[in-house]
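Chain by chain, the residues run as shown.
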Amino acid sequence: MPNPFRERLLKFGIPGLAVILIAIQFYNAHTQNLSKWKGGGYGMYTELHYIYNQVHIVNVSVDSLQKHNPSIKKAIHKVKLMPNRTNLQEAGEHILKITNKDSIHIQLWKPQVRFKQQSYTRVLMDELFLKATDF
Amino acid sequence: MALASLLLLVMLTIYSVLKAVDNWQWKVAVICIGILSWFLYKDRYKHPVIWLVLFTVLLIDLYFDYFTVANHHFMFVLMVGAVISYNYHQRKDILFINIQWLLVLVIAASVLQKLMSPQFMSGDFYYFMMNRGFLFQSFMNVVPGSVEIINSNDDLFASLKKSDPNLGLTITFRDVVPNLGVICQVFAWTTIAMELLVASALLLKPKKTWTHLLLILMIIGILCTRIETGFMALLAICGLMLSEKGFLKGIYVIIITGCILLIATRIGMH
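Residue numbers here run from 1 along each chain, matching the order of that chain's written sequence. Each chain gets a letter, beginning with A, and each ligand a number, beginning with 1, in the order they are written. Residues qualify for local features only when their pLDDT is at least 70, as the model is predicted, and side-chain atom pairs are given and counted only at 80 or more; totals for whole chains, interfaces and linings, by contrast, use all residues. The side-chain numbers reported here are obtained from all heavy atoms of the structure, hydrogens and water having been left aside.

**Q** Looking at this structure, how should I read the overall build of chain B?
**A** Each helix is a run of DSSP H or I of at least 4 residues and each strand a run of E of at least 2, with the numbering of both proceeding from the N terminus. Helix and strand content of chain B: 13 helices and 1 strand. When the helices and strands of chain B are placed in sequence order, the string is α-α-α-α-α-α-α-α-α-β-α-α-α-α. Taken along the three principal axes of its C-alpha coordinates, chain B extends 70 × 45 × 35 Å. We call two residues contacting when some pair of their heavy atoms lies within 4.5 Å. Considering only residue pairs separated by 6 or more positions, chain B has 69% of its internal contacts joining residues 24 or more positions apart. His is not counted here, nor are the chain ends, while Lys and Arg score as positive and Asp and Glu score as negative. Just so you know, the charge point we use is NZ for Lys, CZ for Arg, CG for Asp and CD for Glu. Both charge centroids of chain B, one from 19 positive and one from 14 negative side chains, sit 13 Å from each other.

**Q** I would appreciate a short explanation of the domain arrangement of chain A in the present structure.
**A** Think of interface size as the accessible area that goes away when the parts come together; that is how it is often given. All names here are of chain A. What counts as a domain boundary in this text is fixed by an automatic or database domain assignment. Along its sequence, chain A is carved into domain 1 (1-46) and domain 2 (48-134). Each of domain 1 and domain 2 has a C-alpha centre, and these two points are 31 Å apart. Two parts placed together each lose some accessible area; with a 1.4 Å probe, that loss summed over both constitutes the buried area. Summed over both partners, the interface of domain 1 with domain 2 comes to about 680 Å²; 62% of that surface belongs to carbon and sulfur atoms. The largest contributions to the domain 1 side of the interface with domain 2 come from Gln32, Asn33 and Trp37, which together make up 56% of the buried area.

**Q** Got a minute to help me understand unusual backbone geometry in this structure?
**A** The phi angle of most residues is negative, glycine excepted, and most peptide bonds adopt the trans form. Here the phi dihedral of asparagine 59 of chain A falls at roughly 65°; this positive angle occurs in a residue that is not glycine. When you line up the elements, asparagine 59 of chain A lands in the loop between strand E1 (54-57) and helix H2 (62-68).

**Q** Is there a simple way to think about the pattern of salt bridges in this case?
**A** Side chains carrying opposite charge are able to pair once their charged atoms draw close together. Note on definitions: salt bridges are taken to be side-chain nitrogens of Lys or Arg within 4 Å of carboxyl oxygens of Asp or Glu. Inspection of the entire model under this criterion finds 10 salt bridges over all chains. Taking the shortest distance from any N to any O, the salt bridge between glutamate 90 of chain A and lysine 78 of chain A comes out at 3.4 Å. In this pair, glutamate 90 of chain A sits in helix H4 (residues 85-99) while lysine 78 of chain A sits in helix H3 (residues 70-81), placing the two residues 12 residues apart along the sequence. With its nearest N and O atoms 2.8 Å apart, the salt bridge here joins aspartate 126 of chain A to arginine 85 of chain A. In this pair, aspartate 126 of chain A sits in strand E3 (residues 119-131) while arginine 85 of chain A sits in helix H4, placing the two residues 41 residues apart along the sequence. Between buried and exposed lies partly exposed: a residue is buried under 20% and exposed over 50% of the maximum accessible area for its type, with that area taken using a 1.4 Å probe on protein chains only. The exposure class assigned to aspartate 126 of chain A is buried, which follows from its relative accessible area of 17%. Counted as one network, the salt bridges with shared partners bring together Glu7 of chain A together with Arg91 and Asp93 of chain B.

**Q** I keep staring at the environment of methionine 11 of chain B and nothing clicks. Help me out?
**A** Residues and elements named next belong to chain B. Here methionine 11 lies in helix H1 (residues 2-18). Taking the C-alpha atoms as reference points, methionine 11 and cysteine 259, separated by 248 residues in sequence, lie 9.3 Å from one another. Contacts of methionine 11, omitting those with residues within four sequence positions, involve Phe76, Gly230, Ala233, Leu234, Ile237, Ile260 and Ile263.

**Q** What is the right way to look at the environment of alanine 23 of chain A in this model?
**A** Within the secondary structure layout, alanine 23 of chain A lies in helix H1 (residues 4-31). Between the C-alpha atoms of alanine 23 of chain A and leucine 48 of chain A, which are 25 residues apart in sequence, the distance is 21 Å.

**Q** Help me understand the packing of H3 of chain A against H4 of chain A in this model?
**A** Think of two packed helices as two axes; the pair is described by the angle between the axes and how far apart they sit. Residues and elements named next belong to chain A. Where helices are involved, their axes are fitted lines through C-alpha atoms of the stretch in contact, as for all axes, and angles between N-to-C directions lie from 0 to 180°. Contact geometry for H3 and H4: axes closest at 9 Å, N-to-C directions at 165°. Compared by their axis directions, H3 and H4 come out roughly antiparallel. For the crossing formed where H3 meets H4, the hand is left-handed. Between H3 and H4, the contacting residues are Ser71, Ile72, Ala75, Ile76, Lys78 and Val79 on the first element and Asn87, Leu88, Glu90, Ala91, His94, Ile95 and Ile98 on the second. Angles below 35 degrees are treated as roughly parallel, those above 145 as roughly antiparallel, those between 65 and 115 as roughly perpendicular, and all remaining angles as oblique. In this scheme the crossing of two helices becomes right-handed for a clockwise turn of the near helix relative to the far one and left-handed for an anticlockwise turn of less than a right angle.

**Q** What is the right way to read the packing of helix H7 (residues 124-131) of chain B against helix H10 (residues 180-204) of chain B from this model?
**A** Residue and element names in this part refer to chain B. Where H7 meets H10, the axes come as close as 8 Å, and the angle between the chain directions of the two elements is 120°. Where H7 crosses over H10, the two elements pack in a sense that is right-handed. Each of Tyr126, Tyr127, Met130 and Asn131 in H7 lies in contact with H10, whose residues at this interface are Leu180, Gly181, Cys184, Phe187, Ala188 and Thr191. Note on residue categories: nonpolar means Ala, Val, Leu, Ile, Met, Phe, Trp, Tyr, Cys or Pro, charged means Asp, Glu, Lys or Arg, and polar means any other residue, Gly included. Broken down by class, the residue content of the contact of H7 with H10 amounts to 7 nonpolar, 3 polar and no charged.

**Q** Just checking my understanding: could you explain helix H2 (residues 24-40) of chain B for this structure?
**A** Helical periodicity: at 3.6 residues per turn, an α-helix aligns residues three or four positions apart in one direction. Residues and elements named next belong to chain B. Helix length check: H2, at 17 residues, gives a terminal C-alpha distance of 24 Å against a target of 24 Å (1.5 Å per residue), a fit within 8%. For H2, every residue scored as buried is listed here: Lys27, Val30 and Gly34. Taken end-on, H2 shows its buried residues confined to a sector of 65°, consistent with a single buried face. The outward face of H2, more than 90 degrees from its buried face, is lined by the exposed residues Ile33, Phe39 and Leu40. In this fold, the buried residues of H2 make contact with helix H3 (49-64). A helix is expected to span 1.5 Å multiplied by its residue count minus one. Note that the arc is defined by the directions from the helix axis to the C-beta atoms.

**Q** Mind showing me how you'd approach the nonpolar core here?
**A** Most often, soluble globular proteins keep nonpolar side chains buried together rather than apart. The definition of a nonpolar core used throughout is a set of buried Ala, Val, Leu, Ile, Met, Phe, Trp, Tyr and Cys residues joined through side-chain atoms within 4.5 Å. Ranked by internal contacts, the top residues of the largest apolar core, which has 68 residues, are Leu8, Met75, Phe76, Met79, Val80, Ile99 and Ile237 of chain B. For methionine 75 of chain B, the residues in contact, after removing those within four places along its chain, are Leu102, Val106, Phe231, Leu234, Leu235 and Cys238 of chain B. Counting 31 residues, the second-largest nonpolar core is a separate cluster that includes Tyr45 of chain A together with Met121, Tyr127 and Val176 of chain B.

**Q** It is not clear to me how the interface of chain A and chain B should be interpreted in this structure. Could you clarify?
**A** Residue-level contacts link 51 residues of chain A with 58 residues of chain B. Summed over both partners, the interface of chain A with chain B buries about 4,700 Å², with 65% contributed by carbon and sulfur atoms. When the buried surface of chain A facing chain B is broken down by residue, Tyr45, Phe115 and Tyr120 of chain A rank first, second and third, together holding 17% of it. Where chain A meets chain B, there are 2 salt bridges. Note that arginine 91 of chain B is salt-bridged to glutamate 7 of chain A, the shortest N-O span being 2.6 Å.

Below is the structure:
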């Protein structure tokens, strides 16, 4: 006689795992601002790709920083992928530490498309003024 | 089932080769253990060693790059998990239920995310993608003037990207076709309706011919919109596992083979 628990586990174990993965993605996408394109990608093609998020540091070339320092590139990528205050703060602190600057003004910009106006622009999502003496 | 498993194994091998560089130290260790166990373990024929090795390779990338791996990486993990499990229980009905629910859940999750995205529901997302030439790339050449408009939008976008965002600049896109806004709204709702229909059909009538015709239509529609070959090949393999009629299997095999060729030649996305 087949074991009912084993039977259920075999039938719904894999779909159950899928439900857990989907729940993790939804949680991260809707509370941590994870890009819907990632973490399982169940929201691919539902919003602009996270590469269009922009990290801007006033009076500093972010492109140049990323080009010369892989750890900064990684930190900025993380902010774009999951644009929230924690990741912005971490990236800002890391950049301050690596560049030996006294302070930085780091901003996070998100793309905004409006088909009615046929327009594309960037809107400020968050910004931080960080001083080396703060931590 | 054997053909579907074989095609999945081919896809998995190509995918693993294309992603071989990522976390390679761990992968080399796993492959060495796999080869050694094949030679040293006397019950080797009882276990799907190749599947287990490639599955572990998938898990390595999933562990280290959870938030950056492609969406179909997750699908791979779940499908390969189901196939390995089948190797031990040998119950086709259980594999059928595994794959059926996987398909339903993945498509339903996609519908839900779309419904929860204001950018998608308003048509703004498709509007941006169309005007940048990211959708229907193969068909854009036949629309008079569209290539020039896309290039001009690209130039505008590049100049905006270089500028300081604090200046508050806005660019105005030229539309690739007239009434693009309305077209994008209709397209957004059609996408949701189609996905919802396919998910419902797979949930309620997974063996019916029309269910598979709808799934095939959705796969071909997505491939025409954008060459998402990796994920579409996996959806087609799921379809192949669920279908019973010869001609449906034939269509799925053609789609899968085409996608594999595009992935291997790097024309499509892996």
